[in-house]
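Below are the chains, spelled out letter by letter.
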Amino acid sequence: MRSIEKSLDKFNEAGVRPIAISVDSPEESRKLAEQSGYTFTFLSDANAEVIRRYDLVHPGAGENGRDISRPAEFLIDSSGTVRWVNLTENYTVRARPEQILEASKGLK
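Residues numbered from 1 in each chain as written. Predicted model: local features only at pLDDT ≥ 70, side-chain atom pairs only at ≥ 80, totals over all residues. Heavy atoms only, no water.

Q: Outline the overall build of the protein, supporting the account with residue identities and numerical values.
A: Regarding its fold elements, the protein presents five helices and six strands. Along the protein, helices and strands appear, N-terminal first, in the series α-α-β-α-β-α-β-β-β-β-α. For the C-alpha atoms alone, the extent of the protein along its principal axes is close to 40 × 30 × 25 Å. Residue pairs in contact within the protein that sit at least 24 positions apart in sequence constitute 35% of those at least 6 positions apart. A total of about 7,500 Å² of accessible surface is found on the protein, and carbon and sulfur atoms cover 47% of it. For the protein, the distance from the average position of its 15 positive side-chain charges to the average position of its 17 negative side-chain charges is 4 Å. (Helix = DSSP H or I, 4+ residues; strand = E, 2+ residues; numbered from the N terminus. Contact = heavy atoms within 4.5 Å. Areas by Shrake-Rupley, 256 points an atom, 1.4 Å probe, with all protein chains shown as cover. Lys, Arg positive; Asp, Glu negative; His and termini not counted. Charge placed at Lys NZ, Arg CZ, Asp CG, Glu CD.)

See the structure below:
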């Protein structure tokens with residue numbers, strides 16, 4: 001997420017709006033964003049409704065056996081259609097901003 005924050009100008013220029021979604025409560029998400037200096041939007045999906053809808057649940061992988069989301073990046077167009085997906089099983093492996101920006105070029 002640090003690399004996303006560092007590339008916000010490039011995302012804005014490309015018309016891409018980064019949003020993070022997690023099972024953390026709104027308070028936890030707000031605290032993480034503030035502590036880390038993130039300025040893009042963080043959303044809470046405490047009941048994992050969106051995470052389940054996108055088939056991203058990693059059952060029992062969170063603290064105290066809590067369900068969490070698999071790492072993923074999506075490009076979703078203004079109509080809500082998923083246009084590009086990057087899924088991994090390893091939370092340390094994420095798409096680089098350059099990959100996301102390159103994928104976004106094909107969506108215009």
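Read on for the rest.
Q: Describe in detail the packing of aromatic side chains, supporting the description with residues and values.
A: Counted under the stated rule, the structure contains four aromatic pairs. Taking 5.2 Å as the distance between ring centres and 25° as the angle between the ring planes, the aromatic pair formed by Phe 40 and Phe 42 counts as stacked. Residue Phe 40 is classed as buried on the basis of its relative accessible area, which comes to 10%. The exposure class assigned to Phe 42 is buried, which follows from its relative accessible area of 18%. Pairwise contacts between aromatic rings join Tyr 38, Phe 40 and Phe 42 into one cluster. (Phe/Tyr/Trp six-rings, centres within 6.5 Å; stacked < 30°, edge-to-face > 60°. Buried < 20%, exposed > 50% of the residue type's maximum accessible area, 1.4 Å probe, protein only.)

Q: Outline the environment of Leu 75, supporting the account with residue identities and numerical values.
A: As for its placement among the helices and strands, Leu 75 is situated in strand E5 (residues 72–76). Placed 11 residues apart in sequence, Leu 75 and Asn 86 show a C-alpha to C-alpha distance of 9.1 Å.

Q: Break down helix H5 (residues 97–105) for me, citing the residues and quoting the values.
A: For H5, the full list of buried residues reads Pro 97, Ile 100, Leu 101, Ala 103 and Ser 104. Buried residues of H5, viewed axially, fall in a sector of 160°; they line one side. Buried positions along H5 lie against helix H1 (2–6), helix H2 (8–14), E5 and strand E6 (82–87). (Arc of directions from axis to C-beta.)

Q: Outline the pattern of salt bridges, listing residues and values.
A: This structure, assessed with the given rule, holds four salt bridges. With its nearest N and O atoms 3.3 Å apart, the salt bridge here joins Asp 67 to Arg 52. With Asp 67 in the loop between strand E3 (57–58) and strand E4 (68–69) and Arg 52 in helix H4 (residues 49–53), the pair connects residues that are 15 residues apart, well separated along the chain. Arg 52 gets classed as partly exposed once you look at its relative accessible area, which sits at 45%. A salt bridge links Asp 77 to Arg 83; the nearest nitrogen and oxygen atoms lie 3.3 Å apart. (Salt bridge = Lys/Arg side-chain N within 4 Å of Asp/Glu carboxyl O.)

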